[in-house]
Amino acid sequence: MRLATTANIALSGLQTIDGVATEVGDRVLVKNQADASENGIYTASEGQWFRAADARTARTMQKGTTVHVQQGAVSSDFVYAFETLNPVIGTDAITLAFFLSEDTLGDATAAATAAASSAAAALTSKNAAATSATNAGTSATAASGSATAAAGSASTAATSATNAGTSASAASGSASGAATSATNAGNSATAAAGSASAASGSATAASTSATNAATSATNAATSATAAANSVAALSYTFSTTTADADPGNGALRLNNASAASATAAYVDNLDAGGATVNGILDTFDDSTNTIKGQLMLRSKASAAISYVYNVTGTVVDGSGYRKLTLAYVSGSGALPTTAGGIWLMFDRTGDKGADGLGAGDFTGPASSVSDNIVTFNGTSGKAGKDSGIKASDLIAGPASAVADNIATFNGTTGKIAKDSGVAVSSLAPKASPTFTGVPAAPTAAPGTNTTQLATTGFVKAAIDVVLGGVSTTFDTLAEIAAGMLQKAADNLGLAAGFTSVVVDDGTKSSGTYTPAPTGGNYRKITANGAFTFAAPSTANCYNMTIDIANGASAGAITFSGFVAGHPKGDAYATTNAAKFKLHISKTDTGITAVLEAL
């Protein structure tokens, strides 16, 4: 428990208990309710408190079950014990009593020592009283005084025995009384030596004193044993070696030099007092829970030096010692190696309840991030793992929606969804979809020849390439057909002939110009710099005429690809504003040209 109540409380809401403010999830021992049936172990909450999951049955609150309290002005480091046998939860009154405190170990040890001293003193008293009886038999002088003294001795010894039997603390006083009895008995013997009167009465009284003193010794020994047992722990000597072997009589060791890194303890079958305790050690694994209980190793000299471990495996017989499987919980300080210098204390975990209808328990990861979502780890359905996704990162949906509608983001946070109003069934299928409205698609690059969709933009670009620089008069098949159609009047000597629109190939001032008949055989350029005029490379046979008009920066023209000696005709000059006409003829025998200066 983190806390224990000191008065009746309301079983709801966060509150201050024993001087400490509770937090959500705190385990609280409720022990002072006006309605004692409400007592038990609860989990603190901002709302209604409920009994802890492991403390809802009679078994977990059975008489003799002990609970440890961590904090509080009154109950810090106290241990309380349940006192009700087989309580019906929610019906029977559940009572608890103080069982052990942080200081009890030291107090009990002191009590055991004092009681042992009391037993020794009482035995001395017995022997002295016996001597008194012997000496009294040889003397009759001052017999009445001896009898009185002996009676006082017997009375004192009887008081000593009563005190020793009552408590370990009173045993110390009993030892002192027994010592006084021995002194008085000695005085009685001295007085008896000077007097023989009533010797037989003195002897009888002295004998009674001896009997009472013997009883005192017996009671004191019993008190010492009870005080030692009240510690609820086993005394051991700590060994710093780490080998898996018998640590020796009355000793125990860990498997790692660092107590915080230990995963096993090796405990001798005899405790520091020589008692055989392997039967007790063997019960440490009796719980059916994975964690069998908690083991504490604590210095007798200082409560600040202690280590707590979970016992997680079966107790193994190591032949003369026992092996305990441990999982470190907490601790601090260096355990002392003085003889009998540490306590070994064990709190057993209650048995696990019966499994549910499934085939086993669900287990989570060894560690996780707070508030992360748990997902299945594998296909067994029994193991979980940290998904790495926080619950706060999930998308929150609308209060209501239409079944099978698509959800879309509501805002820019990325965490809130809304009903888009679009049903999944309204989406176009992947195979042979039928589009409505004005669907769009990416436009393929010019010249693409794949199964990619052709947009209107791609088709228009392809047609523009075919049309080239054709004027709007001839940019449709109908216009071309009409232009080529020979009318009846034209058939008479082709009076009208064939017409064409000149294609302007722009200004040439560098690089290579290669004319092509595509789009029109009649073309024109402006020469405004030095460049290369290459013969056309378009297939088949055809004639072309190129008009050349010089600009202010006209330069030399280099002709390439024509039949040797061509172009023929006039020489080209770079004079500004000069004009020329180049007649080109491409046939199977080659490409020729004639330059005509205008």
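Up top is the structure these notes are about.
Residues numbered from 1 in each chain as written. Predicted model: local features only at pLDDT ≥ 70, side-chain atom pairs only at ≥ 80, totals over all residues. Heavy atoms only, no water.

*Asks:* What should I look at first to understand the pattern of salt bridges in this one?
*Replies:* One side chain can pair with another of opposite charge once the charged atoms of both are near each other. The tally for this structure, following the rule as stated, stands at nine salt bridges. The residue aspartate 282 makes a salt bridge to arginine 322 at a minimum N-O spacing of 2.6 Å. Here the residue aspartate 282 occupies a position in the loop between helix 5 (278-281) and strand 13 (293-299), and arginine 322 occupies one in strand 16 (residues 321-332), the gap between them amounting to 40 residues. Here aspartate 282 falls in the partly exposed class, since its relative accessible area comes to 30%. Residue class for arginine 322 comes out buried when judged on its relative accessible area of 6%. For aspartate 547, the salt bridge identified is with lysine 581, shortest N-O distance 2.8 Å. Of the two residues, aspartate 547 is situated in strand 26 (residues 542-550) and lysine 581 in strand 29 (residues 579-587); the sequence distance between them amounts to 34 residues. Lysine 581 carries the same exposure label as aspartate 547, and that label is buried. What emerges from the salt-bridge pattern is a single network uniting Asp282, Asp317 and Arg322. (Salt bridge = Lys/Arg side-chain N within 4 Å of Asp/Glu carboxyl O. Helix = DSSP H or I, 4+ residues; strand = E, 2+ residues; numbered from the N terminus. Buried < 20%, exposed > 50% of the residue type's maximum accessible area, 1.4 Å probe, protein only.)

*Asks:* What is the right way to look at the sheet that holds strand 4 (residues 27-30) in this model?
*Replies:* Backbone hydrogen bonds hold the strands of a sheet together, and the pairing may be parallel or antiparallel. Taken in spatial order, the four strands make up an open sheet running 1-4-5-6, and their pairing is mixed. Two strands lie at the open edges of the sheet, namely strand 1 (3-4) and strand 6 (50-51), each paired on one side alone. Where strand 5 (residues 40-43) meets strand 6, two bridges bridge the pair, whose relative direction is antiparallel. Bridge pairing in strand 6 places threonine 43 opposite phenylalanine 50. (Pairing = 2+ DSSP bridges.)

*Asks:* When you look at the side chain of serine 299 in this model, what are you seeing that I'm missing?
*Replies:* Relative to the elements of secondary structure, serine 299 occurs in strand 13. With sequence-adjacent residues up to four places away left out, serine 299 is seen in contact with Ile305, Leu335, Pro336, Gly341 and Ile342. (Contact = heavy atoms within 4.5 Å.)

*Asks:* Where do I start with the sheet that holds strand 29 in this structure?
*Replies:* One open sheet accounts for six strands, arranged 22-24-26-29-30-28; its pairing is mixed. If you trace the sheet from one side to the other, it starts and ends with strand 22 (503-508) and strand 28 (568-569), each paired once. Pairing of strand 22 with strand 24 (residues 522-527) involves four bridges; the strand directions are parallel. Opposite threonine 507, over in strand 24, you have threonine 526 as the bridge partner.

*Asks:* Looking at this model, I keep getting lost on the environment of threonine 276. Mind explaining?
*Replies:* Tracing the sequence through the fold places threonine 276 in the loop between strand 12 (264-268) and helix 5. Classification of threonine 276 by relative accessible area gives exposed; the value is 57%. Sequence-distant contacts of threonine 276, defined by excluding residues within four places in its chain, comprise Asn269 and Leu270.

Just geometry here; none of it tells us what the structure is for.
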